[in-house]
Amino acid sequence: MPGLWRLNYHTMRKMMTHTSKLQVLIAAAFLSVSSMAQADNYQASEITANMRDMTDAQVLIAATDDAAYKRLLPFNFVFNDRIYSEISFSTNGILSFTSQSNGCCGSDVLNNGATAYMGAAIAPFWTDWISTVKTKTFGDAGSRELVFNWSGYEYGNNPAESKADFQVILHEGSNRIEFQYGQNSLRQHHAVGGIQTLNQEVTLFSHHSSNPAFQFNNRGFMVADMNPSSNPLPGGNPNPVPEAETWAMMGAGLGALALMARRRRKAQA
């Protein structure tokens, strides 16, 4: 509770000029519920192109269309102030912490009604691919890099006319998200790259199928939460239940208000 009062100090002072201390206490209980939802503060910056060597990488999906599977992570990863221990991956250039959708069949915007089925998602190159997905972990415990690699070609096309060659790297500890792009080309589908949370999208690129053939080559980006929570919540619980002490304080306050109202009516009778 001390942290709650510090967080809402100015709000409390304003309320004190118009309400009783008891009413302020009740308001604080309600504010404690709403303060559980953390703000989104992700920002992207361009970095040096550095595709990781995937020699001896584990093949998760081989040359498949519209497939998605889930696996455990080798380390916990914090995304949007929530801790996740597993992730799903799709041949269509999507990772998701909260959904196992294959994301068929792409878009040129992240927030295209897709939040409901993609959930908390990382989309390095979301479009309709026939691709092979591989993974490999680099480094030592505490600062490992988990790499997901996509290679393949555009659905309805062939390897000579289109190409998928990109990676997402999850950084242990810092919880940064790195995007790496080799040689990528499209001819006939929408495409978009970035991340989406429940409240925010960070878009790295966007392509509409009505435009000329698209290439996105030899580039790197880092996406980081600029104001992460010091106390992230367990993943899969986007609407946390208020703690017992919060409910108790709310109940006590409401009961006291009811008593005050009853006394006021008697005094007026």
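Residues numbered from 1 in each chain as written. Predicted model: local features only at pLDDT ≥ 70, side-chain atom pairs only at ≥ 80, totals over all residues. Heavy atoms only, no water.

A. Representation of the overall build of the protein chain in the model. Of the regular secondary structure elements, the protein chain holds five helices and 16 strands. The buried share of the protein chain, taken over its 269 residues, is 45%. Within the protein chain, residue pairs in contact and separated by at least 24 positions form 66% of the contacts whose partners lie at least 6 positions apart. If you sum the accessible surface of the protein chain, you get close to 13600 Å²; carbon and sulfur atoms cover 51% of it. (Helix = DSSP H or I, 4+ residues; strand = E, 2+ residues; numbered from the N terminus. Buried < 20%, exposed > 50% of the residue type's maximum accessible area, 1.4 Å probe, protein only. Contact = heavy atoms within 4.5 Å. Areas by Shrake-Rupley, 256 points an atom, 1.4 Å probe, with all protein chains shown as cover.)

B. Looking closely at the pairing of strand β15 (residues 219-225). Among the seven residues of β15, six are classified as buried, and the element is accordingly described as predominantly covered. Where strand β1 (residues 42-47) and β15 come together, six bridges link them in antiparallel fashion. In the strand pairing of β15, Gln43 is matched with Ala224. Strand direction decides the pairing type here: strand β10 (residues 177-181) and β15, joined by five bridges, are antiparallel. Residue Tyr181 lies in a different strand from β15, and its bridge partner there is Arg219. (Pairing = 2+ DSSP bridges.)

C. Region of the structure containing the packing of aromatic side chains. Tallied over the full model, the rule gives 20 aromatic pairs. Arranged with centres 5.6 Å apart and planes meeting at 35°, the rings of Tyr42 and Phe79 form a pair that is tilted. One end of the pair, Tyr42, is in strand β1; the other, Phe79, is in strand β3 (residues 68-79), with 37 residues separating them in the sequence. By relative accessible area, which is 0% here, Phe79 ends up buried. Both rings, one in Phe77 and one in Phe97, keep their centres 6.0 Å apart while their planes meet at 5°; by these two values the pair is stacked. Residue Phe77 is located in strand β3, and its partner Phe97 is located in the loop between β5 (94-96) and α4 (115-118); the two are separated by 20 residues in the primary sequence. Each member of the pair, Phe77 together with Phe97, is buried. Here the aromatic cluster, defined as three or more aromatic residues joined through ring pairs, consists of Phe125, Trp129, Trp150, Phe166, Tyr181, Phe205, Phe214, Phe216 and Phe221. (Phe/Tyr/Trp six-rings, centres within 6.5 Å; stacked < 30°, edge-to-face > 60°.)

D. Structural context of the nonpolar core. Phe79, Ile122, Phe125, Leu170, Ile177 and Phe179 are the most contacted members of the largest nonpolar core, which has 38 residues in total. Counting seven residues, the second largest nonpolar core, distinct from the first, contains Leu110, Met118, Ala123 and Val192. (Core = buried A, V, L, I, M, F, W, Y, C linked by side-chain atoms within 4.5 Å.)

E. Broad picture of the pairing of strand β7 (residues 129-138). Judged from the five bridges that link them, strand β2 (residues 58-65) and β7 form a sheet pairing that is antiparallel. Bridge pairing in β7 places Asp65 opposite Ile130. Here β7 folds back onto strand β8 (residues 145-154) in antiparallel fashion, the turn holding six residues, of which Gly139 has a positive phi close to 90°.

F. Representation of the confidence of the model for the protein chain in the model. For the protein chain, mean pLDDT is 79; residues scoring 70 or higher make up 70% of the total. Confidence drops under a pLDDT of 50 for residues 1-39, and excluding neighbours within four residues, the segment shows 48 contacts in the predicted structure. Note on residues 237-247: pLDDT under 50 across the span, and 16 contacts to partners over four residues away in sequence or across chains. (pLDDT = per-residue confidence, 0-100.)

G. Representation of the side chain of Glu154 in the model. With respect to the secondary-structure elements, Glu154 resides in strand β8. Put simply, Glu154 is tucked away with no salt bridge, and the nearest opposite charge, on Arg187, sits 6.1 Å away. There is a polar contact of 2.9 Å between the side chain of Glu154 and the backbone nitrogen of Arg187. (Lys, Arg positive; Asp, Glu negative; His and termini not counted. Salt bridge = Lys/Arg side-chain N within 4 Å of Asp/Glu carboxyl O. Polar contact = N/O pair within 3.5 Å; in protein donor to acceptor, adjacent residues only side chain to side chain.)

H. Region of the structure containing unusual backbone geometry. Residues Cys104 and Cys105 are joined by a peptide bond in cis, for which omega reads 10°. Mapped onto the fold, Cys105 is located in the loop between β5 and α4. Here Asp81, not a glycine, exhibits a phi torsion of approximately 65°, which is positive. Among the secondary structure elements, Asp81 is positioned in the loop between β3 and β4 (82-90). By relative accessible area, Asp81 is classed as buried at 3%. One non-glycine residue, Asn175, adopts positive backbone phi at about 60°. You can see Asn175 is positioned in the loop between β9 (164-171) and β10. You can call Asn175 buried: its relative accessible area is 18%.

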